Amino acid sequence: MFALVDGNNFYASCERVFNPALRKQPIVVLSNNDGIVIARSNEAKALGIKMGQAAFEIQQLINSKKVVAFSSNYALYGDMSQRMMQIFKDFTPAMEIYSIDEAFLDFNGFDLTNIRSTGLKLRQKVYKYIGIPVSVGFGPTKTLAKIANRIAKKYMKDGVALINSPQKIEKALKMTAIEDVWGIGRQHSHFLKSHQVKTAWDFAQLPQEFIRKKMSVTGLRTQAELLGTPCITMTYTPPPKKAIRTARSFSKATSDYEYIAEAIAGFAATCGDKLRQQKSAANLLTVFVRTSKFNPKKPYYANSFTVQIPATSSSIILIKAAKEALKIIFKHHYNYKKAGVLVSGIVPEKNRQLNLFESTDYEKHRQLMQTVDRLNQSHGYRLIKFAAEGRFRAWHLQQTYRSKRYTTHWDELIQIKV
C-alpha cells in the first residue's frame, strides 16, 4: 500500500501559519519578480483567479485588499517543507520526496487493518506541529495513490481517501478525468479524448495492443498501475541532474554590463553549489541573455554562447568561464530583461576526465569549495560569496510583497509579545 501526502495550497498555507488572521482571506502567491500567480488559497480560487494569471490583471483586487498577495518566499517554503517531510518519516522511513509539498510513503509490510486511521493521525500530527493542512491518499500503486489524494482533497471532509478494493478502484477511475491521470500528458490526453477515452476507467479498459502502439510501454505501465498492479517503484534518492540551469528575469530591464556580469557570476556560483550537492562536475557552460519580448518599441535581442571547460564543480572556474562567455554575446545599447547560466556535460565528480594540459590545481579548488560550503551550511546561505557577484546583489528579484523568513533568518524570526 502506497500513500501520497500533499500539502494543501502549500505556499498559501505557509503564509497563514505565521499570520492566523489570514485563515479565511483570499491569498495568492506570485512568481519571481511578482509576475504571475503560482499559488492560490481556496478563497482566491472561488474569486475566479487562475493559476498563471498575470499579477497586473488582479492588481485592483490586491490594492483594495480583497486579495492578499505575497511574493514567493522560497527560503520559508523550503524550510517548512523539510519540517513536514521529517514528520512523514515518523510514519514510515520508506519515503520518496516528489516535490516541495508532496511525498510518496511506502506502507508495504505494515499492518493495513487501520491504515485509514494512520492517515488521520498523520494529518493531525502535521497540523499540530507545523500548521499545514495535508491530504492523504492511499492506493495499491503510486498512480492510484495519486488519484486517491485528489479525491481526498476534493471530496473527503477529513482529508483521507483509501482505494483498497476492485470496487473502489472502478469508482475512483470513473470519477477521474483522463487529463488528471498521473503519467498522461496533454498531447496524449487530447489524442485519447478524440477516441472517446474521457476517464481513467475508459483508459483502463483499452486493448493493450492499442496502448502499446500509441503510447509505448509507458502507457502500458500506467494502465497496469490503474488496475492495481504496481509498476512504478519508489525512488528514495533522486538521480543526478543531467543539466543545471539558473536564470532570473531582472526587476527592471538594464543595459549596464557590470550589473549583468554580477548576475551571471551569481548564477554560475549557484550552479557550482548544485553540482557539489550532487557530487558532480560539468564540462560545458552556457550563458544566455535576452531583452523583453513584450516591448514592441525596443529592438529584440537574444543570444547564447557555450564554453567547454575541464570538468569541474568549482564556482571560481565556472564564474570565470561565464564572464568570458558574457563578453562574447553582450551588446551595448540593448536593455536586457533576463539572463542565465546552464551547465551540462555533467559527470560524477569521482569520474571526471583529467586534462593533460590543465594548469589549475583542482585539488586546491575542491578543498576551498568544501570549506565555503561548510561555512555557508552552518552560518547561513551564501554568507560567503565571491567578489564577482557584487556586494549587495543589485540584480535581486523584485519582491514587493515578500513576508518575513520566519524560520531561516535571525533578523526575521517571529516575535511573540506576552
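Calculation rules
Residues numbered from 1 in each chain as written. Predicted model: local features only at pLDDT ≥ 70, side-chain atom pairs only at ≥ 80, totals over all residues. Heavy atoms only, no water. Helix = DSSP H or I, 4+ residues; strand = E, 2+ residues; numbered from the N terminus. Rg over C-alpha atoms; globule rule 2.2 N^0.38 Å. Buried < 20%, exposed > 50% of the residue type's maximum accessible area, 1.4 Å probe, protein only. Contact = heavy atoms within 4.5 Å. Areas by Shrake-Rupley, 256 points an atom, 1.4 Å probe, with all protein chains shown as cover. 1 Å grid on protein atoms, 1.4 Å probe; cavity = no way out; pocket = protein on both sides within 12 Å on 5 of 7 lines; lining within 4 Å. Points joined across faces, edges and corners; volume = space filled by probe spheres on them. pLDDT = per-residue confidence, 0-100.

K.L.:
Even after reading the chapter, I still don't get the overall build of the protein chain, so can you show me in this structure?
P.N.:
Across its full length, the protein chain holds 13 helices and 12 strands. On C-alpha atoms alone, the protein chain measures out to a radius of gyration of 24 Å, which is about the 22 Å that the 2.2 N^0.38 rule sets for 418 residues. Summarising its shape, the C-alpha atoms of the protein chain cover approximately 65 × 60 × 50 Å along the three principal directions. For the protein chain, the proportion of its 418 residues judged to be buried stands at 46%. Pairs at least 24 apart in sequence give 67% of the contacts found in the protein chain among residues at least 6 apart. On the protein chain, roughly 23100 Å² of surface is accessible, and the fraction owed to carbon and sulfur atoms is 53%.

K.L.:
It is not clear to me how unusual backbone geometry should be interpreted in this structure. Could you clarify?
P.N.:
Glycine aside, the phi torsion of most residues is negative, and most peptide linkages are trans. Phi is positive for lysine 65, close to 65°, though the residue is something other than glycine. Its place among the elements puts lysine 65 in the loop between helix H3 (59-63) and strand E4 (68-71).

K.L.:
Please explain the environment of phenylalanine 88 as it appears in this structure.
P.N.:
Relative to the helices and strands, phenylalanine 88 is located in helix H4 (residues 74-89). A relative accessible area of 0% places phenylalanine 88 in the buried class. When the C-alpha positions of phenylalanine 88 and arginine 40 are compared, they lie 24 Å apart, and in sequence the two are 48 residues distant. Contacts of phenylalanine 88, omitting those with residues within four sequence positions, involve Val5, Met95, Ala103, Leu105, Leu122 and Val126.

K.L.:
Looking at this model, I keep getting lost on the side chain of threonine 143. Mind explaining?
P.N.:
Tracing the sequence through the fold places threonine 143 in helix H6 (residues 142-155). A relative accessible area of 2% places threonine 143 in the buried class. Discounting chain neighbours no more than four positions away, the residues touching threonine 143 are Val181, Trp182, Glu225, Leu226 and Ile232.

K.L.:
When you look at the layout of surface pockets in this model, what are you seeing that I'm missing?
P.N.:
Gaps left between atoms show up when a probe the size of a water molecule is rolled over them. Within this model, the second largest pocket holds a volume of roughly 730 Å³. Taken together, 27 residues line the second largest pocket, and the ones lying closest to its centre are Asp6, Glu102, Lys146, Arg150 and Lys153. Contributions of two or more residues to the lining of the second largest pocket are made by strand E1 (2-7), helix H1 (10-17), strand E3 (37-40) and H6. Ranked by the residues each element gives to the lining of the second largest pocket, the list is headed by H6, at six residues.

K.L.:
Looking at this structure, I do not really get the confidence of the model for the protein chain. What am I missing?
P.N.:
Parts of the model with low pLDDT should not have their predicted coordinates read in detail. With 96% of its residues at a pLDDT of 70 or more, the protein chain has an overall mean of 90. The element-level mean pLDDT for the protein chain is lowest in helix H13 (residues 362-379), coming to 84, with strand E7 (residues 134-139) highest at 97.

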